[in-house]
Amino acid sequence: RTPAAPPPRKRPPLPEGRARCRHPGCNAEYSVAENHSTACRYHLKPPLFHEGSKQWQCCGVKKWDFDDFLAVPGCAVGPHEPDE
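Just so it is clear, the model here is predicted, and its values are computed rather than measured. (Residues numbered from 1 in each chain as written. Predicted model: local features only at pLDDT ≥ 70, side-chain atom pairs only at ≥ 80, totals over all residues. Heavy atoms only, no water.)

Another aspect to go through is the packing of aromatic side chains. In total, this model carries three aromatic pairs according to the counting rule given. Here F49 and F69 contribute two aromatic rings whose centre-to-centre distance is 5.7 Å and whose plane-to-plane angle is 65°, an arrangement assigned as edge-to-face. Separated by 20 residues along the polypeptide, F49 in strand 4 (residues 47-50) and F69 in helix 1 (residues 66-70) bring together distant segments of the chain. Judged by its relative accessible area of 2%, F69 falls in the buried class. Judged by centre distance (6.0 Å) and plane angle (35°), the rings of F66 and F69 are tilted. On the criterion of helical spacing, the pair formed by F66 and F69 is a turn pair, its members being three residues apart in helix 1. On the basis of relative accessibility, which here comes to 40%, the residue F66 falls in the partly exposed class. (Phe/Tyr/Trp six-rings, centres within 6.5 Å; stacked < 30°, edge-to-face > 60°. Helix = DSSP H or I, 4+ residues; strand = E, 2+ residues; numbered from the N terminus. Buried < 20%, exposed > 50% of the residue type's maximum accessible area, 1.4 Å probe, protein only.)

Here it is, written out as structure tokens:
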């Protein structure tokens, strides 16, 4: 008999007036009141992981090192979008 998978971890709730951005490459916690049209730099498409490489599909940037991959600046700018 196979043991059941552990339940997914839930993030703790954020304080009132705060939200977490759902954009790929951002995921920042931000103040809802201070959000504006250029507050977020993000990627338009999710990442692609293949045979050890990491690539942002929207801008074609490919990296092998995970820290280098995370450091790639977003290719789009707009307001943060709350993670529901």
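Moving on, we get to the sheet that holds strand 6 (residues 62-63). The strand order 4-5-6 describes an open sheet built from three strands, whose pairing is antiparallel. Pairing within the sheet leaves two strands with one partner each, and these edge strands are strand 4 and strand 6. Pairing analysis gives four bridges linking strand 4 to strand 5 (residues 53-56), with the strands arranged antiparallel. Looking across to strand 5, one finds that F49 is bridged to K54. (Pairing = 2+ DSSP bridges.)

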